[in-house]
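Read off the chains here:
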Amino acid sequence: MSATDGPAADERVTVSDEAVAALVAAAENGGVDFDGLRAVSEGDGYRFETPEMTRAGLTESEFRDACTNHPEYVDNWYFFEGGDRSPADRAFLRWLEDGDAESWDVPTRYDALREGVARSWGQVAVTAMLGAGGRRYELRHEDDLGTPLPDLERHEDPLAARDLVKHDDRGRYRPLKTAPSLPTGWAFVGLDGRACTRALDLIYPATVANWHLEREGDLDVNHWRETMERQSGIYSVIKTWDRGEGYEHVNWVAEACCDDSQCLKRREWGYDDETELDVDGGDGEFPCREPCSLVVAAARKWTRLEGQQPRTYEFELTPGEKEQVEAIIDAVADGRVDDIREADIYEGGNRYRTRFLRAKRMDDTGRLCGVPTDPEEGSEDD
Amino acid sequence: MSQALVIVAHGSHLNPESSTPTYDHADTVREVGAFDEVRVGFWKEEPHFREVLRTVDAEEAYVVPLFISEGYFTEEVIPRELRLEDWDEAAWDSDGTSATSVTLTATDTGQRVHYCGPAGTHDAMTDVIVRRAESVTGDPDVGPGFGLAVVGHGTKRNENSAKAIQYHADRIRERGRFDEVRDLYMDEDPEVDDVTDFFETEDVIVVPLFVADGYHTQEDIPEDMGLTDDYRTGWETPAVVDGHRIWYAGAVGTEALMADVLLERAADAGADVGDAVQRVRELTRVGGESADRDAGAPTADD
Ligand code: SF4
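Residues numbered from 1 in each chain as written. Chains lettered and ligands numbered in written order. Predicted model: local features only at pLDDT ≥ 70, side-chain atom pairs only at ≥ 80, totals over all residues. Heavy atoms only, no water.

1. Some details on the overall build of chain B
Of regular secondary structure, chain B possesses eight helices and 10 strands. Projecting the C-alpha coordinates of chain B onto the three principal axes gives extents of approximately 60 × 35 × 35 Å. Sequence-distant contacts in chain B: of pairs separated by 6 or more residues, those separated by 24 or more amount to 72%. Carbon and sulfur atoms form 41% of the exposed surface of chain B, whose accessible area is close to 11,100 Å². Side-chain charges in chain B split into 25 positive and 65 negative, and the spacing between the mean points of these groups amounts to 4 Å. (Helix = DSSP H or I, 4+ residues; strand = E, 2+ residues; numbered from the N terminus. Contact = heavy atoms within 4.5 Å. Areas by Shrake-Rupley, 256 points an atom, 1.4 Å probe, with all protein chains shown as cover. Lys, Arg positive; Asp, Glu negative; His and termini not counted. Charge placed at Lys NZ, Arg CZ, Asp CG, Glu CD.)

2. Focus: the pairing of strand β4 (residues 101–105) of chain B
Each regular strand carries side chains that alternate between the two faces of the sheet. Residue alternation in β4 of chain B divides its side chains into a buried set, Val102 and Leu104 of chain B, and an unburied set, Ser101, Thr103 and Thr105 of chain B. Here β4 of chain B folds back onto strand β5 (residues 112–116) of chain B, and the loop between the two strands holds six residues, one of which, Gly110 of chain B, carries a positive phi near 75°. (Buried < 20%, exposed > 50% of the residue type's maximum accessible area, 1.4 Å probe, protein only. Pairing = 2+ DSSP bridges.)

3. Notes on the domain arrangement of chain A
Partitioning chain A into domains gives domain 1 (17–82), domain 2 (87–212), domain 3 (220–305) and domain 4 (311–382). The centre of domain 3 of chain A, based on its C-alpha atoms, is set 29 Å off from the matching centre of domain 4 of chain A. (Domains from an automatic or database assignment.)

4. Looking at the site of the ligand
Around the ligand sit Cys257, Cys258, Cys263, Lys265, Trp269, Cys288, Glu290, Pro291, Cys292 and Val295 of chain A, and that is every residue in its neighbourhood. A class-by-class count of the residues in the shell around the ligand yields eight nonpolar, no polar and two charged. (Near = heavy atom within 4 Å. Nonpolar A, V, L, I, M, F, W, Y, C, P; charged D, E, K, R; others polar.)

5. Things to note about a nonpolar patch on the surface
Residues and elements named next belong to chain A. Nonpolar side chains collect at one region of the surface, where Tyr313, Phe315, Leu317, Val325, Ile329, Met362 and Leu368 lie side by side and expose about 540 Å² of accessible area between them. Among the structural elements, Phe315 can be located in the loop between α11 (293–305) and α12 (319–333). Looking at Phe315, the relative accessible area reads 38%, which means it is partly exposed. (Patch = residues over 30% accessible without salt bridge, like charges linked within 9 Å, V, L, I, M, F, W, Y side chains within 5 Å. Salt bridge = Lys/Arg side-chain N within 4 Å of Asp/Glu carboxyl O.)

6. Some remarks on the side chain of His155 of chain A
Residues and elements named next belong to chain A. Looking at the element boundaries, His155 is found in strand β8 (residues 153–155). By relative accessible area, His155 is classed as buried at 16%. Only 2.9 Å separates the side chain of His155 from the side chain of Glu153, close enough to count as a polar contact. Ignoring any residue separated from it by four or fewer positions in sequence, one finds His155 in contact with Ala160, Leu164, Trp186, Ala187, Phe188 and Val189. (Polar contact = N/O pair within 3.5 Å; in protein donor to acceptor, adjacent residues only side chain to side chain.)

7. Thoughts on the pattern of salt bridges
The final tally for this structure, using the stated rule, is 59 salt bridges over all chains. Residue Glu81 of chain A pairs with Arg90 of chain A through a salt bridge whose shortest N-O separation is 2.6 Å. On the accessibility criterion, Glu81 of chain A (35% relative accessible area) is partly exposed. The class for Arg90 of chain A is partly exposed, based on a relative accessible area of 24%. A salt bridge links Glu202 of chain B to Arg245 of chain B; its shortest N-O distance comes to 3.2 Å. Here Arg245 of chain B lies in strand β10 (residues 244–248) and Glu202 of chain B lies in the loop between β7 (180–185) and β8 (203–208), a separation of 43 residues in the sequence. Salt bridges sharing common partners tie together Asp220, Arg230, Arg289 and Glu290 of chain A together with Arg50, Glu51, Arg54, Arg80, Glu81, Arg83 and Asp108 of chain B.

8. Some details on the packing of aromatic side chains
To describe a pair of aromatic rings, you give the distance between the ring centres and the angle between the ring planes. Residue and element names in this part refer to chain A. Within the structure shown, the criterion is met by 31 aromatic pairs over all chains. The ring of Tyr235 carries Arg300 above its face, with NZ or CZ at 5.8 Å from the centroid. Positioned above the aromatic ring of Tyr352, the side-chain terminus of Arg351 is 5.6 Å from the ring centre. (Phe/Tyr/Trp six-rings, centres within 6.5 Å; stacked < 30°, edge-to-face > 60°. Lys NZ or Arg CZ within 6 Å of the ring centre and 35° of its normal.)

9. Notes on the packing of helix α3 (residues 71–82) of chain A against helix α4 (residues 87–98) of chain A
For the pair α3 of chain A and α4 of chain A, interaxial distance at closest approach is 10 Å and the crossing angle is 140°. Each of Phe79, Phe80 and Glu81 of chain A in α3 of chain A lies in contact with α4 of chain A, whose residues at this interface are Arg90, Leu93, Arg94 and Glu97 of chain A. (Axes fitted to C-alpha atoms, helices over the stretch in contact; angles between N-to-C directions.)

10. Describing unusual backbone geometry
All names here are of chain B. Along the chain, Glu46 connects to Pro47 via a cis peptide bond; the corresponding omega equals 0°. Relative to the assigned elements, Pro47 resides in the loop between β2 (37–42) and α2 (49–52). With an omega of 0°, the peptide bond running from Thr237 to Pro238 counts as cis. Positionally, Pro238 belongs in the loop between α6 (215–224) and β9 (239–241). One non-glycine residue with positive phi stands out, namely Asp86, at about 60°. Relative to the elements of secondary structure, Asp86 occurs in the loop between α3 (72–81) and β4. Phi angles above zero are rare outside glycine, and Asp242 is one such case at about 50°. Look at Asp242 and you get exposed, because its relative accessible area is 61%.

11. So, the pairing of strand β6 (residues 146–152) of chain B
All names here are of chain B. For β6, a buried count of seven out of seven residues is recorded, marking the element as mostly surrounded by other parts of the structure. Side chains of β6 alternate between two faces, with Phe146, Leu148, Val150 and Gly152 and Gly147, Ala149 and Val151 buried alike. Direction of pairing for β6 relative to β7: parallel, over a ladder of six bridges. Of the residues in β7, the one forming a bridge with Gly152 is Tyr185.

12. Notes on the packing of α4 of chain A against helix α8 (residues 207–215) of chain A
All names here are of chain A. One can describe the packing of α4 onto α8 by two numbers: an axis separation of 9 Å at closest approach and a directional angle of 85°. Taken together, the axis directions place α4 and α8 in an arrangement best described as roughly perpendicular. For the pair α4 and α8, the contacting residues are Pro87, Ala88, Asp89, Ala91, Phe92 and Trp95 in the first and Val208, Ala209, Trp211, His212 and Arg215 in the second. (Parallel < 35°, antiparallel > 145°, perpendicular 65-115°, else oblique.)

13. Focus: the interface of chain B and chain A
Residue-level contacts link 32 residues of chain B with 31 residues of chain A. A combined buried area of about 2,600 Å² lies between chain B and chain A, and 42% of that area is made up of carbon and sulfur atoms. It is His13, Glu46 and Arg54 of chain B that lose the most area in chain B upon contact with chain A, and together they represent 27% of the buried surface on that side. Along the contact surface separating chain B from chain A lie seven salt bridges. Close ionic contact of Glu17 of chain B with Lys166 of chain A constitutes a salt bridge, the shortest N to O distance being 4.0 Å. For the interface between chain B and chain A, the tally reads 20 residue pairs in polar contact (both at pLDDT 80 or more). Contributing elements (two or more residues each) for the side of chain B that touches chain A: α1 (20–31), β2, α2 and α3 of chain B. (Buried area = accessible area lost by both parts, 1.4 Å probe.)

14. So, the sheet that holds β10 of chain B
Residues and elements named next belong to chain B. The five strands lie next to each other as β7-β6-β8-β10-β9, forming an open sheet whose pairing is mixed. Since the sheet does not close on itself, it has two edges, and those belong to β7 and β9, each with one partner. Across the sheet, the mean angle separating the axes of adjacent strands is 30° when strand polarity is ignored. Along the sheet, helix α4 (residues 124–137) contacts β6, β8 and β10; its crossing angle with β8, the most-contacted strand, is approximately 125°. Against the sheet, α6 makes contact with β6, β8 and β10, and its axis sits at roughly 170° relative to β10, the strand it touches most.

15. Let's talk about the side chain of Asp242 of chain A
Tracing the backbone through its elements, the reader meets Asp242 of chain A in the loop between α9 (224–230) and α10 (248–257). If sequence neighbours within four positions are ignored, Asp242 of chain A has contacts with Trp224, Arg225, His249 and Tyr271 of chain A.

16. A short note on the sheet that holds strand β2 (residues 37–42) of chain A
Residue and element names in this part refer to chain A. The four strands lie next to each other as β1-β2-β3-β4, forming an open sheet whose pairing is antiparallel. A single partner strand is all that each edge strand has here, and the edge strands are β1 (32–34) and β4 (53–58). Going from strand to strand, the sheet's axes swing by 5° on average, the running direction of each strand aside. Alignment of strand β3 (residues 45–50) against β4, held across four bridges, turns out to be antiparallel. Bridging across to β4, Thr50 finds its partner in Met53. In this fold helix α1 (residues 17–28) packs onto β1, β2 and β3, with an angle of close to 60° to the strand it touches most, β2. Across the face of the sheet, helix α2 (residues 60–69) comes into contact with β2, β3 and β4 while running at roughly 15° to β3.

Okay, here's the thing in structure tokens:
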């Protein structure tokens, strides 16, 4: 992305006094072997080694000079190993640089950082770059990658993310943080590593933690059955929806809610630990480890609705009207209703078309073709 | 060893403002720097109760439910969703308002969790109700000549909910600051609808014991008390009803001093909070820096 926002390409890395002091201490305390940097205190002095050079028998002050002369190696070690970074954050910040490729060597890493390395996390473009004080991160909506920074609302405090992501660009509340409706128009700038993962954790909560667990082979997936068995109170009814007659209903739930068009998490849960669902779990970078609260709440409603027995109704529609009903369902299900133009009467879901259908086919009480829902009572609504 | 405060609250799929008081109180606690991390988790938002602990680096987590009373959520839902090993509600040894804390292990993360009783039944909550009365009247010395009503659900939904209301009403009454103090309910006697029948004083402050503003506090109660015929048109503060001036405070949970209750819950459970309690009390007093944060608005789902 905008390498223009990053530092000049010839910017040299300077290494902080804390980093040097920490490396001296680490060299004395068992030594360091990290991304090509080896540093250790031996019988005849300190040893400082990179893939390009080796110096041995150094006094402490010569060792410190070696550090200053090879700032990238020292900065790189200190960034990843020097602080008290959580294993998940550390793994994520490394992944931001070299992705799933083999670990980059340090010169490659720093050349890339000087250019700015951008990766997507959901709809967020995360750019790692070099700034004053070492690695700096910038976050923005991936659709804003081409937007000049001054045109975006800039933030430096990760906590600002809470308000930023609450509503979509149309002002609608986003109850599911990983819905692909992240608003545009903002940028986090100048974040350090900790602030970067903090901001992401507010935009897409727990995604870094679960992504890391998955990479380590430790993701605790809870499938549909166990999740619904666990529910209590008003949600305990959901377990009755599983009748030992297959899992087609769960396919429908996943197709409705978990499709990539609805949620950017990659669904890893299935019906139970032996039964995967037949619908696609998605291609998202971060996993979904159990049905979320939105799915649980919706499943409660569906459990009640699906308890009803089908009936045969007779409606009279023209072929065009039948197709229009289908078009309306598609438009609503795909969230396209607001995109259908005012005068586009070619679209079945157009408002005038739909109002015409209602005027013609629904009676005063809103019954389709005047057909009562319950044939006995004449009309019924739940 | 590093310690985290984790505030767990209900949240909402429908109401964007339901989480606002939770975030505001978390910010206040953050401001005084008593914890290495302050996190929030929700039942209906993210991070969910199920996943909040894995976003916490600290091995020691003080979990405080931002709920008004003990009951279904504090005794069943939260411990289950946090995977607190060997949780047993008897561990709190509570009479319905006296839960303190219990230390357990979260089985998924291995963290030590000090699981605290809800904010709403802590003694410090009494002060928050009084502070709410001060904020709504704009008078730090309000009391003489005023009546105070503490309002909650009745026992129909949760027996302990009424206990919490009574508990705080009794404590405020004992202090003798207000001329009259009553506990009133939405779905049983004495009913909040008849609020003016229960007070001699001309001025009556009404404080609903709810965490966030929502349907009950912004629609039901104002209409039932006759502050307005239609909540959408709003109401005056104070509003004159049957010759009484009603100062309606809205949900107590939006009061900035709530942050103090969360801190005290954690401190009671063994967290090292230094002078943070004192500082939060300063920060949130009427006219204080964090006192004017506006929090809360309608909520509609459960
Ligand atoms: S259950 Fe489905 S909708 Fe919910 S977070 Fe997981 S993938 Fe997304």
